[in-house]
Amino acid sequence: MSAPDALILSVQPAMLGPARRRLLGQGLAAVALISGLGLAGCGRSKPRATPVSAGAVVLALGDSLTHGVGAAPRQDWPTLLAEATGWQVVNAGVSGNTSAQALARLPGLLQEYQPELVIVGIGGNDFLQRQSQQQTEANIRAICQQCQAAGAQVMLVAMPALGLLAAAGVLSDHAMYARIASEQKLPLLGDAWSDILADERLRSDQVHANTRGYALFAQRLEAGLRAAGMLS
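Residues numbered from 1 in each chain as written. Predicted model: local features only at pLDDT ≥ 70, side-chain atom pairs only at ≥ 80, totals over all residues. Heavy atoms only, no water.

(A) Spatial organisation of the overall build of the protein chain. Looking only at helices and strands, one finds 9 helices and 6 strands in the protein chain. Each of the 232 residues in the protein chain was classed as buried or not, and the buried ones make up 49%. Taking as baseline every contact in the protein chain between residues at least 6 positions apart, the subset at least 24 positions apart corresponds to 77%. For the protein chain, the exposed surface amounts to about 10500 Å²; the carbon and sulfur share of it is 55%. (Helix = DSSP H or I, 4+ residues; strand = E, 2+ residues; numbered from the N terminus. Buried < 20%, exposed > 50% of the residue type's maximum accessible area, 1.4 Å probe, protein only. Contact = heavy atoms within 4.5 Å. Areas by Shrake-Rupley, 256 points an atom, 1.4 Å probe, with all protein chains shown as cover.)

(B) Quick look at helix α9 (residues 211-228). For α9, which comprises 18 residues, the first-to-last C-alpha distance of 26 Å matches the rise-based estimate of 26 Å (1.5 Å per residue) to within 8%. For α9, the complete set of buried residues consists of Gly213, Tyr214, Leu216, Phe217, Ala218, Arg220, Leu221, Glu222, Gly224, Leu225 and Ala228. Of the residues flanking the start of α9, the one acting as N-cap is Asn210, its side-chain oxygen 3.1 Å from the backbone nitrogen of Arg212. Phi turns positive one or two residues past the end of α9, at Gly229, with a value near 90 degrees. (Expected span 1.5 Å × (residues − 1). Polar contact = N/O pair within 3.5 Å; in protein donor to acceptor, adjacent residues only side chain to side chain.)

(C) Spatial organisation of helix α3 (residues 77-85). Along α3, the residues classified as buried are Trp77, Pro78, Thr79, Leu80, Leu81 and Thr85. Summarising the contacts, the buried residues of α3 are in contact with β2 (57-62), α2 (64-67), β3 (88-93), β4 (117-121), α8 (192-197) and α9. Of the residues trailing α3, Gly86 is marked for its positive phi of about 85 degrees.

Structural measurements only, silent on function.
Following this line, the structure appears as structure tokens:
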């Protein structure tokens, strides 16, 4: 995937060491370049992302990480995002949901809420259940397409892949999210959950964030939305 194909937004936690902070500075410069080149390049096939209006309905579609398992009351990231932006953020996270289940729920949610923006973060349970990665990717692609067809902008959130290093606490995003973002010209929030869930200080258990972790995710998502042009 070349840089202009998709805007990949990754904001690292503040507790990094000096070496990784230097890398972060380089990475943020790259993000700025991608923001200028990538979204302009996408203009031929899809208009640049536009700011979501104040008070707009925003749909948060996902599983337990969207629902807020492990967070203190009203400290899930959709609630925190609503407080930070003034948007009406609908928490459509259902614990245990797979991409197929989220896809099945989506038409009713789009019809009921008619959101201006859908934040899509799904796929983790597919990986845990060892479901077909090809089918998972097809489901997530269909989710994004249906949201766009309904007139909503989409922010795609990458989920960590399972692999040999995951057992040692080294997490990285599954490659399918970058492919989907590239194909559909979507902004992608990368590395957020991978970084948070790799840090035991930010987890309530092996697969869920704690209150501090959800707060950090909300901050990184807000920064990503601003970088994509969806939040002024």
